[in-house]
Amino acid sequence: MRLAGFGFRLWRSDESGLGVRMKRQTAGPELERLVTLIAKLPGLGPRSARRVALFLLKKRDVLMIPLAEALMLAAEKVRPCGTCGNFDAIDPCAVCMDSGRDPGLICVVEDVADLWALERASAIRGRYHVLGGVLSALDGVRPQDLRIDSLVARATLPEMREIILAMNATIDGQTTALYLTERLAYLPVRITRLAQGVPVGGELDHLDEGTLLAALTSRREF
Amino acid sequence: MEWSDDALVLGSRRLGESGLVFDVLSREHGRQSALVYGAGSASRKIRPQAGDGVSVVWRGRLAQSLGHFSLFELVRPRAALAMQSGLGLTGLNALLDMAREAVPEGPSLPGVHDGANVVLDALGDPDLWPALYIRWEAGLLEALGYGLDLGQCALTGSSEDLAFVSPKSGRAASRSAAAPFADKLLALPGFLLDSGAPMEVNDLADGFALTGYFLERRVFDPLGKSLPESRTRAIVKLCLR
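Remember, it's a predicted structure, so these values are computed and weren't measured experimentally.

Asker: It is not clear to me how the overall build of chain A should be interpreted in this structure. Could you clarify?
Answerer: Helices and strands together make up the secondary structure of chain A, namely 8 helices and 8 strands. For chain A, the residues scored as buried account for 31% of the 222 residues in total. A sequence separation of at least 24 residues applies to 46% of the contacts in chain A between residues at least 6 apart. Of the roughly 15,200 Å² that chain A leaves accessible, carbon and sulfur atoms contribute 58%.

Below is the structure:
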């Protein structure tokens with residue numbers, strides 16, 4: 001007998017009457033839990049998670065145990081910096097403590113990943129402020145959900161000269177930048193934002209019209 | 001089922017790791033949400049933003065299904081232009097929030113779609129788009145079944161010197177006939193009757209107050225919602241310009 005049409009299928013062997021297809025237990029609960037947790041990581045599904053778990057088990061001494069120790073240590077020690085929101089084992093974080101950085105310049109980013117991207121480029125000689133997201137009417141993210149008050153408090157420090165709003169070029173990112181500009185407007189601080197336009201290595205032919213329009217609007221003397 | 005249409009992107013949300021569910025206002029098929037496979041993946045760096053005009057092909061098993069957009073192509077990139085000015089971005093957010101909150105899923109509202117396109121195309125001109133936006137709100141009221149009757153005076157039948165609107169009936173009243181109870185009526189700005197009429201800050205404030213009054217009482221209150229905050233921010237920004 002074969003039943004179908006309810007969004008799932010149920011098979012039963014006609015000959016024996018025993019063949020109801022069921023999930024077989026292939027590993028104990030410890031391994032199942034490991035696979036389930038790995039599958040929650042970005043970019044990994046259940047199949048990849050099984051492969052990763054198997055790889056770790058085969059490399060128990062050289063990878064699995066050191067990884068577990070590193071995870072435990074990071075979970076225990078790494079916290080968001082109380083000043084800028086970056087992740088570090090010390091508070092204030094290494095970036096905030098770096099005396100070689102300009103204390104009058106703050107670069108505001110949405111997420112720690114953006115901070116790391118700017119650090120990879122060695123593009124900012126000042127410090128950072130991680131907002132922890134962007135304003136979004138659709139997702140119900142309000143100003144009080146972000147680290148905006150602490151940014152305003154930092155911006156009022158006497159040494160502050162410039163705040164760079166390095167938000168993503170999305171509607172929510174730029175709306176957040178606009179909101180911050182209005183919140184900080186009363187301060188004697190220069191507020192700037194990242195340029196938008198043609199990326200290095202980009203060909204005009206392959207760019208979307210929005211980026212081309214932004215590039216043309218913000219063109220400058222050469 | 002399958003249909004193709006022009007649409008305006010109202011927003012998007014993630015579905016899984018790489019999928020994005022886009023909420024669009026299509027011209028002939030009304031408001032529709034559907035999945036775009038792979039649109040949220042890290043490798044796809046640029047994706048249409050809220051406010052952009054797109055050409056879509058929707059496919060689904062039933063009309064009520066979530067379905068997916070098998071074609072989702074950017075044709076009118078307005079968001080990038082709106083991002084170039086604070087006032088433009090404010091207008092974009094006000095219109096999108098209003099559409100998201102007030103336009104129901106299902107019915108075809110080509111006038112609302114076309115009007116929104118006109119406003120969004122004008123966002124680069126801060127002297128033009130506020131009046132267009134208010135007219136769009138009046139059109140939205142009409143499309144939702146709560147249209148204002150601004151053709152003639154409810155008291156005299158005359159179409160001359162219309163200056164007020166009744167908050168009860170939504171019908172216009174002439175300045176002379178409505179003079180005894182003018183303080184109980186809503187002001188009717190001239191640019192809602194004649195697109196060539198001069199437009200001062202007071203007219204804008206009157207226009208926002210007029211459409212806001214009816215939208216609030218006839219559309220938002222029954223839904224248990226309040227007018228979008230972004231609309232209020234737009235009014236403040238425009239009036240303090």
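Asker: How should the packing of aromatic side chains be read in this particular structure?
Answerer: Centre distance and the angle of the planes are the two values used to describe a pair of aromatic rings. All names here are of chain B. In total, this model carries 6 aromatic pairs over all chains according to the counting rule given. Ring geometry for Tyr133 against Trp136: centres 5.8 Å apart, planes inclined by 40°, an arrangement best described as tilted. With a gap of 3 residues between them, Tyr133 and Trp136 both fall in helix 4 (residues 129-143), about one helical turn apart. Residue Tyr133 shares its accessibility class with Trp136, and that shared class is buried.

Asker: Would you mind going over the confidence of the model for chain B with me for this structure?
Answerer: Note that predicted coordinates carrying low pLDDT should not be read in detail. Per-residue pLDDT for chain B averages 90, and the proportion of residues at 70 or more is 98%. Among the prediction metrics, the complex's ipTM stands at 0.82, with pTM recorded as 0.83.

Asker: I'm lost on the sheet that holds strand 8 (residues 186-187) of chain B in this one. Help?
Answerer: Within a sheet, each strand pairs with its neighbour through backbone hydrogen bonds, oriented either parallel or antiparallel. All names here are of chain B. The sheet built from 3 strands is open, its strands ordered 7-6-8 with antiparallel pairing. The open sheet is flanked by strand 7 (172-174) and strand 8, the only strands paired with a single partner. Note: strand 6 (residues 162-165) against strand 7, 3 bridges, orientation antiparallel. For Phe164, the partnering residue across the bridge sits in strand 7 and is Ala173.

Asker: How should the confidence of the model for chain A be read in this particular structure?
Answerer: With 88% of its residues at a pLDDT of at least 70, chain A reaches an overall mean of 87. Predicted confidence is poor over residues 1-20 of chain A, with pLDDT under 50, and the contacts of this stretch with residues over four places away or in other chains come to 17 contacts.

Asker: When you look at the domain arrangement of chain B in this model, what are you seeing that I'm missing?
Answerer: Residue and element names in this part refer to chain B. Here the domain parsing of chain B yields domain 1 (2-77) and domain 2 (81-150 + 188-240). For domain 1 and domain 2, the distance between their C-alpha centroids amounts to 24 Å. With 20 residues of domain 1 at the interface, the matching set in domain 2 holds 21 residues. Overall, the association of domain 1 and domain 2 removes approximately 1,500 Å² of surface from exposure, summing both partners, and the carbon and sulfur fraction of that is 55%. On inspection of domain 1 and its partner domain 2, the count reaches 2 salt bridges. Note that Arg27 is salt-bridged to Asp114, the shortest N-O span being 2.7 Å. Remark: the boundary between domain 1 and domain 2 carries 6 residue pairs in polar contact (both at pLDDT 80 or more). Put simply, the parts of the chain that give the side of domain 1 that touches domain 2 at least two residues each are strand 1 (2-15), strand 2 (19-26) and strand 3 (30-36).

Asker: Where do I start with the interface of chain A and chain B in this structure?
Answerer: Taken together, the 22 residues of chain A in the interface contact 21 residues of chain B. Buried area between chain A and chain B, summed over both chains or domains, comes out near 1,800 Å², and the portion from carbon and sulfur atoms is 61%. Counting across the interface, chain A meets chain B through 1 salt bridge. Between A:Glu182 and B:Lys237 there is a salt bridge, with its nearest N and O atoms 2.7 Å apart. Our count for the contact surface shared by chain A and chain B stands at 5 residue pairs in polar contact (both at pLDDT 80 or more). If you list the elements that add at least two residues to the side of chain A that touches chain B, you get helix 7 (171-184) and helix 8 (209-217) of chain A.

Asker: Teacher, can you tell me more about helix 6 (residues 201-223) of chain B here?
Answerer: Since the α-helix advances by 3.6 residues per turn, residues separated by three or four positions end up pointing in the same direction. Residue and element names in this part refer to chain B. For helix 6, built from 23 residues, the straight-helix expectation of 33 Å at 1.5 Å per residue is met to within 8% by its first-to-last C-alpha distance of 31 Å. Of all the bends in helix 6, the largest measures some 45° and sits at Glu216. All of the buried residues in helix 6 are Asp203, Leu204, Gly207, Phe208, Leu210, Thr211, Gly212, Phe214, Leu215, Val219 and Phe220. Considering only its buried residues, helix 6 is in contact with helix 2 (86-102), helix 4, strand 6, strand 8 and helix 7 (229-239). Just past helix 6, the residue Gly224 takes up positive phi, approximately 70°.

Asker: Sorry, what's going on with the sheet that holds strand 7 (residues 162-165) of chain A here?
Answerer: Residue and element names in this part refer to chain A. The strand order across the open sheet formed by 4 strands is 6-5-7-8, and the pairing between neighbours is parallel. In this open sheet, the two edge strands, each paired with only one partner strand, are strand 6 (127-130) and strand 8 (190-193). Here the average twist between neighbouring strands, direction ignored, is 25°. Sheet topology note: the strand 7/strand 8 ladder contains 4 bridges and is parallel. Bridging across to strand 8, Ile164 finds its partner in Thr192. Helix 5 (residues 112-120) rests against strand 5 (105-109) and strand 6 of the sheet, and its axis sits at about 160° to strand 6. Against the sheet, helix 7 makes contact with strand 5, strand 7 and strand 8, and its axis sits at roughly 160° relative to strand 7, the strand it touches most.

Asker: Would you mind showing me how to read the pattern of salt bridges here?
Answerer: Residues and elements named next belong to chain B. Here the structure, examined in full by the defined rule, presents 21 salt bridges over all chains. In this structure, Arg100 engages Asp97 in a salt bridge whose closest nitrogen and oxygen atoms are separated by 2.4 Å. Here Arg100 pairs with Asp97, and both are found in helix 2, just 3 residues apart, close to one helical turn. Using a relative accessible area of 10% as the deciding quantity, one classes Asp97 as buried. In this structure, the salt-bridge partner of Arg233 is Glu229, at a minimum N-O distance of 3.6 Å.

Asker: It is not clear to me how the layout of surface pockets should be interpreted in this structure. Could you clarify?
Answerer: Where empty space is left in the structure can be found by rolling a water-sized probe over the atoms. Residue and element names in this part refer to chain A. Looking at the second largest pocket, its volume works out to about 270 Å³. In terms of lining residues, the second largest pocket is bounded by Leu34, Ile38, Leu41, Leu44, Val52, Leu56, Met64, Leu67, Ala68 and Leu71. Mapped onto the lining of the second largest pocket, the elements with two or more residues apiece are helix 1 (29-38), helix 2 (46-58) and helix 3 (60-77). Sorting elements by how many residues they give to the lining of the second largest pocket places helix 3 first, with 4 residues. Its residues placed into classes, the lining of the second largest pocket shows 10 nonpolar, no polar and no charged.

Definitions and limits used
- Residues numbered from 1 in each chain as written.
- Chains lettered and ligands numbered in written order.
- Predicted model: local features only at pLDDT ≥ 70, side-chain atom pairs only at ≥ 80, totals over all residues.
- Heavy atoms only, no water.
- Helix = DSSP H or I, 4+ residues; strand = E, 2+ residues; numbered from the N terminus.
- Buried < 20%, exposed > 50% of the residue type's maximum accessible area, 1.4 Å probe, protein only.
- Contact = heavy atoms within 4.5 Å.
- Areas by Shrake-Rupley, 256 points an atom, 1.4 Å probe, with all protein chains shown as cover.
- Phe/Tyr/Trp six-rings, centres within 6.5 Å; stacked < 30°, edge-to-face > 60°.
- pLDDT = per-residue confidence, 0-100.
- Pairing = 2+ DSSP bridges.
- Domains from an automatic or database assignment.
- Buried area = accessible area lost by both parts, 1.4 Å probe.
- Salt bridge = Lys/Arg side-chain N within 4 Å of Asp/Glu carboxyl O.
- Polar contact = N/O pair within 3.5 Å; in protein donor to acceptor, adjacent residues only side chain to side chain.
- Expected span 1.5 Å × (residues − 1).
- Bend = angle between axes of the 7 residues up to and from the residue.
- Axes fitted to C-alpha atoms, helices over the stretch in contact; angles between N-to-C directions.
- 1 Å grid on protein atoms, 1.4 Å probe; cavity = no way out; pocket = protein on both sides within 12 Å on 5 of 7 lines; lining within 4 Å.
- Points joined across faces, edges and corners; volume = space filled by probe spheres on them.
- Nonpolar A, V, L, I, M, F, W, Y, C, P; charged D, E, K, R; others polar.

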